[in-house]
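Below are the chains, spelled out letter by letter.
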Amino acid sequence: MTWVTVGLSAGTLVTMAVVFSYVLGWANKRFHVEIDPRVEAIIGVLPAANCGGCGFVGCSDYAEAVVDGKAELTLCNVGGASCAAEISNIMGVEIGESLPYRPIVHCGGNYNDRLNRHDYQGEMTCAAANIVADVQGCTYGCLGFGDCQRVCTYDAIHVIEGLATVDYDKCIGCKACANTCPRNIITMAPFKASQMLAVTCSNEDAGKEVKGVCKVGCMGCKACTRVSSVFKMENGLSTIDYEEYSDECMPDLLAACQKCPQNRLVFVGKPSPKDLAKTEDEELPEVVTADFKTTVDDTEWRG
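Residues numbered from 1 in each chain as written. Predicted model: local features only at pLDDT ≥ 70, side-chain atom pairs only at ≥ 80, totals over all residues. Heavy atoms only, no water.

Topic: the overall build of the chain
- If you tally the helices and strands in the chain, you get ten helices and nine strands.
- Split into buried and exposed, the 303 residues of the chain put 43% on the buried side.
- Considering only contacts in the chain between residues 6 or more positions apart, those separated by 24 or more positions represent 66%. (Helix = DSSP H or I, 4+ residues; strand = E, 2+ residues; numbered from the N terminus. Buried < 20%, exposed > 50% of the residue type's maximum accessible area, 1.4 Å probe, protein only. Contact = heavy atoms within 4.5 Å.)

See below:
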């Protein structure tokens with residue numbers, strides 16, 4: 001009797017295994033979704049960072065969007081121009097110049113430069129402090145609680161003396177810091193050279209109000225705009241039009257730096273030997289490997 005029971009059980013399991021195998025095999029063929037070979041090819045050339053800097057969940061999601069015509073071919077800042085070129089070959093289309101985008105922090109005031117700063121006892125994050133009034137006098141400036149630092153997986157941004165500071169040697173342009181900043185003071189700019197000029201302030205208030213909350217804020221004096229057309233005034237604040245930014249503009253940009261009474265025009269990034277050779281006869285303003293920006297409004301290519 002025992003052997004009969006065992007035999008029936010074994011037979012039942014074998015029958016079930018055969019039936020389920022058949023059902024699964026049928027379902028695999030019936031519901032199989034063809035994958036465009038271009039998707040797999042693009043995934044193969046992407047860096048597999050899955051950083052989300054392209055605006056998609058991961059590299060595979062971005063690859064599908066490219067093939068479906070829902071995304072540009074140059075969104076992978078991590079892979080850079082070489083990656084974009086390979087994707088263009090896979091898609092059989094031509095792309096123009098692909099510039100690396102890197103973050104610029106538009107704020108130049110450290111703890112000692114900020115006025116009317118109060119003792120904050122809440123959650124030590126920028127996101128929480130941003131909804132609390134009177135944390136500091138400047139409502140545009142870097143809060144300095146390090147949300148950008150915590151979200152960066154490449155150790156490329158740190159808070160130093162209360163200011164977010166970009167390490168351009170490590171930065172890959174994944175946009176994580178720009179996306180997490182609650183005041184939108186970190187923006188992505190096209191680095192046409194390894195060293196780019198930036199306006200390290202985002203305060204849009206009038207000069208008198210700016211002086212009341214920060215020792216180094218932009219006064220909106222328009223001195224820079226009178227020297228170079230690359231500078232534009234937006235809501236009382238000087239910004240840089242990076243579309244017009246070029247090597248030919250460098251003499252005027254350097255002159256504008258000397259005119260700025262608050263020294264808010266600062267070169268960010270790491271100058272290459274080529275960049276230094278271009279300006280070997282010029283007196284450059286302070287060169288930093290990290291900078292901060294502050295802006296309540298979401299702005300593209302803020303100077």
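Thoughts on the packing of helix 2 (residues 37-45) against helix 3 (residues 59-67)
- Packing of helix 2 against helix 3 brings their axes to within 9 Å, and their N-to-C directions diverge by 135°. The angle between the axes of helix 2 and helix 3 places the two elements in the oblique class. Seen from above, helix 2 lies across helix 3 with right-handed handedness. Across from Arg38, Val39, Ile42 and Ile43 in helix 2, the residues of helix 3 making contact are Ser60, Ala63, Glu64, Val66 and Val67.
- Classifying every residue of the contact of helix 2 with helix 3 gives six nonpolar, one polar and two charged. (Axes fitted to C-alpha atoms, helices over the stretch in contact; angles between N-to-C directions. Parallel < 35°, antiparallel > 145°, perpendicular 65-115°, else oblique. Left-handed = near helix turned anticlockwise from the far one by under 90°. Nonpolar A, V, L, I, M, F, W, Y, C, P; charged D, E, K, R; others polar.)

A closer look at unusual backbone geometry
- Positioned with a positive phi, Asn184 is a non-glycine residue whose angle comes to about 55°.
- Inspection of the secondary structure puts Asn184 in the loop between helix 7 (176-180) and strand 4 (186-190).
- The backbone of Asn263 sits at a positive phi, close to 55°, despite the residue not being glycine.
- For Asn263, a relative accessible area of 51% puts it in the exposed group.

Concerning the pairing of strand 3 (residues 163-166)
- The side-chain alternation of strand 3 yields two buried faces, one formed by Leu163 and Thr165 and the other by Ala164 and Val166.
- Sheet topology note: the strand 2 (residues 157-160)/strand 3 ladder contains four bridges and is antiparallel. Bridge pairing in strand 3 places Ile160 opposite Leu163.
- In this antiparallel pair of consecutive strands, strand 2 and strand 3, the connection spans two residues, and Glu161 shows a positive phi of 55°. (Pairing = 2+ DSSP bridges.)

Looking at the nonpolar core
- If you look at the biggest cluster of nonpolar residues, it comprises 42 residues, and the most contacted ones within it are Ile186, Leu197, Phe231, Tyr245 and Leu265.
- Of all the secondary structure elements, the ones that give two or more residues to this core are strand 1 (101-105), strand 3, helix 7, strand 4, strand 5 (195-199), helix 9 (250-259) and strand 8 (265-269).
- For this core, the element with the most residues is helix 9, which contributes five residues.
- Ranked by size, the runner-up nonpolar core spans 16 residues in total, among them Ile42, Cys54, Val67 and Cys83. (Core = buried A, V, L, I, M, F, W, Y, C linked by side-chain atoms within 4.5 Å.)

Side note on the environment of Val230
- With respect to the element layout, Val230 can be found in the loop between helix 8 (207-213) and strand 6 (231-234).
- Each C-alpha atom, one on Val230 and one on Tyr242, is 7.4 Å from the other, the two residues being twelve residues apart in sequence.
- With residues near it in sequence (within four places) discarded, Val230 still touches Thr239, Ile240, Asp241, Glu244, Tyr245, Cys249 and Leu253.

Brief notes about the pairing of strand 8
- Burial runs high along strand 8: five of the five residues are buried.
- Side chains of strand 8 alternate between two faces, with Leu265, Phe267 and Gly269 and Val266 and Val268 buried alike.
- Strand direction decides the pairing type here: strand 5 and strand 8, joined by five bridges, are antiparallel. Directly across from Ala198, in strand 8, lies its bridge partner Val266.

Re a nonpolar patch on the surface
- On the surface, a nonpolar cluster with roughly 440 Å² of combined accessible area is contributed by Val19, Tyr22, Val23 and Trp26.
- With respect to the helices, strands and loops of the structure, Trp26 is situated in helix 1 (residues 2-30). (Patch = residues over 30% accessible without salt bridge, like charges linked within 9 Å, V, L, I, M, F, W, Y side chains within 5 Å. Areas by Shrake-Rupley, 256 points an atom, 1.4 Å probe, with all protein chains shown as cover. Salt bridge = Lys/Arg side-chain N within 4 Å of Asp/Glu carboxyl O.)

Considering the pattern of salt bridges
- Across all of its chains, the model carries four salt bridges by this definition.
- When the shortest N-O distance is used, the salt bridge between Asp147 and Arg150 registers 2.6 Å. Remark: Arg150 and Asp147 occur in helix 6 (residues 147-151); sequence separation between them is three residues, near one turn of the helix.
- Here Asp147 falls in the buried class, since its relative accessible area comes to 10%.

Some details on the packing of aromatic side chains
- As enumerated under the stated definition, the model contains four aromatic pairs in all.
- Taken together, a centroid distance of 5.8 Å and an interplanar angle of 40° make the contact between Phe56 and Tyr62 tilted.
- Of the residues examined, Tyr62 reaches a relative accessible area of 2% and is grouped as buried. (Phe/Tyr/Trp six-rings, centres within 6.5 Å; stacked < 30°, edge-to-face > 60°.)

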